[in-house]
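# A look at the structure
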Amino acid sequence: MSDMVMNMNFLLTLDREVIPCKSIHGFHRECAQEYIQEGGLNGYVHIRPKPAYEPSTLEIERYVTGGYRDCFPEGGHLGHDLVLEVGKCSDKDKSPSVKLTFKGCVVARKSFGELNAERGGILVETITISYQELKAGDGP
């Protein structure tokens, strides 16, 4: 069980700048398919990939810190890849267990969490990002 990747240790970077996050969710890879049934008595079904009809998205819940800098302008194309390293510890020499790279990112939506005078908490910004490609590993 020592080779399991713990999901609580993660690091999100944009152009080598660390983005402090509460959570990242909603990302996946999917290939839509169409099924073509042959005619006659043949029961064979062909499976063909369909073009994507909507972009893939991910949702980032980011802490608003004292030195807050808006590096995700709504509607803006991110000039660099968004890199998520899972299993990353604070040690500089320990490499991540899993590295996910999001390419072709566009900021689709932003919102801010609740402000409540009676119950304190940390202000959280929620960012929805559309991406063209998700690569796992260190490849180009």
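Residues numbered from 1 in each chain as written. Predicted model: local features only at pLDDT ≥ 70, side-chain atom pairs only at ≥ 80, totals over all residues. Heavy atoms only, no water.

## A short note on the sheet that holds strand S9 (residues 106–112)
The strands making up a sheet associate through backbone hydrogen bonding, with each pair oriented either parallel or antiparallel. This is how the line gets drawn: Note on pairing: two strands pair once DSSP finds at least 2 bridges between them. Only DSSP runs of H or I with at least four residues qualify as helices, and only runs of E with at least two residues qualify as strands; both kinds are numbered from the N terminus onward. For helices, the fitted axis covers only the stretch in contact; all axes are lines through C-alpha atoms, and the angles between them, taken along N-to-C directions, range from 0 to 180 degrees.
Within the open sheet, the four strands sit side by side as S3-S6-S10-S9. Their pairing is antiparallel. Both outer strands of the open sheet, strand S3 (21–25) and S9, are each paired with one neighbouring strand and no more. Strand-to-strand twist across the sheet, computed as the mean angle between neighbouring axes with direction ignored, equals 15°. Strand direction decides the pairing type here: strand S6 (residues 56–63) and strand S10 (residues 124–131), joined by eight bridges, are antiparallel. If you follow arginine 62 over to S10, its bridge partner there is glutamate 125.

## Some thoughts on the nonpolar core
Quick reminder of the rule: Among buried residues, the Ala, Val, Leu, Ile, Met, Phe, Trp, Tyr and Cys ones that are joined through side-chain atoms within 4.5 Å form a nonpolar core. A 1.4 Å probe rolled over the protein chains alone gives each residue an accessible area, and that area as a share of the maximum for its type sets the label: buried under 20%, exposed over 50%, partly exposed in between. Working rule for contacts: check all heavy atoms of both residues, and any pair within 4.5 Å makes them a contact.
Within the largest apolar cluster, 21 residues are counted, with the highest numbers of intra-cluster contacts made by Leu12, Ile60, Phe72, Leu82, Phe102 and Ile129. Looking at this core, the elements that each hand over two or more residues are strand S1 (10–14), S3, S6, strand S7 (82–86), strand S8 (98–103) and S10. When sequence neighbours within four positions are dropped, the list of residues in contact with isoleucine 60 reads Leu12, Cys21, Ser23, Ile24, Leu82, Glu125, Thr126, Ile127 and Ile129.

## Structural notes on the pattern of salt bridges
The line we're drawing: For salt bridges, the criterion is a side-chain nitrogen of Lys or Arg within 4 Å of an Asp or Glu carboxyl oxygen.
All told, the structure shown has nine salt bridges when counted by the stated rule. Among the ionic pairs, aspartate 81 bridges to lysine 103, the shortest N-O distance being 2.8 Å. Of the two residues, aspartate 81 sits in the loop between S6 and S7 while lysine 103 sits in strand S8, which places them 22 residues apart along the sequence. Salt bridges sharing partners connect three or more residues here, namely Arg62, Asp70, Glu74, Lys110 and Glu125.

## Some words on the sheet that holds S8
The sheet built from five strands is open, its strands ordered S2-S1-S7-S8-S11 with antiparallel pairing. Two strands lie at the open edges of the sheet, namely strand S2 (17–19) and strand S11 (133–136), each paired on one side alone. Strand-to-strand twist across the sheet, computed as the mean angle between neighbouring axes with direction ignored, equals 25°.

## Quick notes on the environment of isoleucine 36
Assignment of secondary structure puts isoleucine 36 in strand S4 (residues 33–37). Judged by relative accessible area, which is 39%, isoleucine 36 ranks as partly exposed. Residues isoleucine 36 and arginine 48, spaced twelve residues apart in sequence, show a C-alpha to C-alpha distance of 7.9 Å. Apart from the residues lying within four places of it in its own chain, the contact partners of isoleucine 36 are Tyr44, Val45, His46 and Arg48.

## Focus: unusual backbone geometry
The backbone of aspartate 15 sits at a positive phi, close to 55°, despite the residue not being glycine. For aspartate 15, the location among the structural elements is in the loop between S1 and S2. Note on aspartate 15: relative accessible area 45%, which makes it partly exposed. For arginine 16, which is not glycine, the phi torsion reads 65° and is therefore positive. On the secondary structure map, arginine 16 appears in the loop between S1 and S2. In this structure arginine 16 comes out as exposed when scored by relative accessible area, which is 80%.

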